[in-house]
Amino acid sequence: VQLQACGGGLVQTGGSLTLSCAASGRTFSSYIMGWFRQAPGKEREFVAVISSYGGSTYYADSVKGRFTITRDNAKNTVSLQMNSLKPEDTAVYYCAAGYTRRLILTTSEYDYWGQGTKVTVSR
């Protein structure tokens, strides 16, 4: 599985962005999909995850109620709608695919990673 993330950019505090991640391969629906982010000088952290058919989601407390993860298995895409953005959301965002049924939150358990897309939220 190859993943290509896009949609990052510069946005003001309170603004919105939608990140997208396109996956190659025919088995996209076999993977859970997650979004992670890494701010400068910090470790990569979990943001959101969605089950293989989209029936279950889970969010980090820091983004709950502001971010929404969705997927379209027909198009092999996963998206992250980000609203009410804050400066602390500034980071490089990565999508990841995990060949499992569990909603995993740790980076080490994901099998494939996209290249990252940068999100900057100005004050």
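Rules behind the numbers
Along each chain, numbering runs from 1 in the same order as the chain's sequence is written. The predicted origin of the model limits local features to residues at a pLDDT of at least 70 and limits the giving and counting of side-chain atom pairs to 80 or more, whereas totals for whole chains, interfaces and linings rest on all residues. Processing note: side-chain calculations cover all non-hydrogen atoms of the structure and skip hydrogens and water entirely. In this description, a disulfide is simply a cysteine sulfur pair whose atoms lie within 2.5 Å. Each helix is a run of DSSP H or I of at least 4 residues and each strand a run of E of at least 2, with the numbering of both proceeding from the N terminus. In this scheme, a residue with accessible area under 20% of its type's maximum is buried, one over 50% is exposed, and one in between is partly exposed, where area comes from a 1.4 Å probe on protein chains only.

Asks: Would you mind going over the state of the cysteines in detail, with residue names and values included?
Replies: Scanning the model with the defined rule gives one disulfide in all. Paired through a disulfide, C21 and C95 show a sulfur-sulfur distance of 2.1 Å. Across the S-S bond of C21 and C95 the torsion is about 60 degrees, and the bridge reads as right-handed. Of this pair, C21 sits in strand β3 (residues 17-23) while C95 is found in strand β9 (residues 91-98), placing the two residues 74 residues apart along the sequence. By the burial criterion, C21 is buried, and C95 matches it. Unpaired in this structure, C6 has its nearest cysteine sulfur neighbour in C21, at a distance of 8.3 Å.

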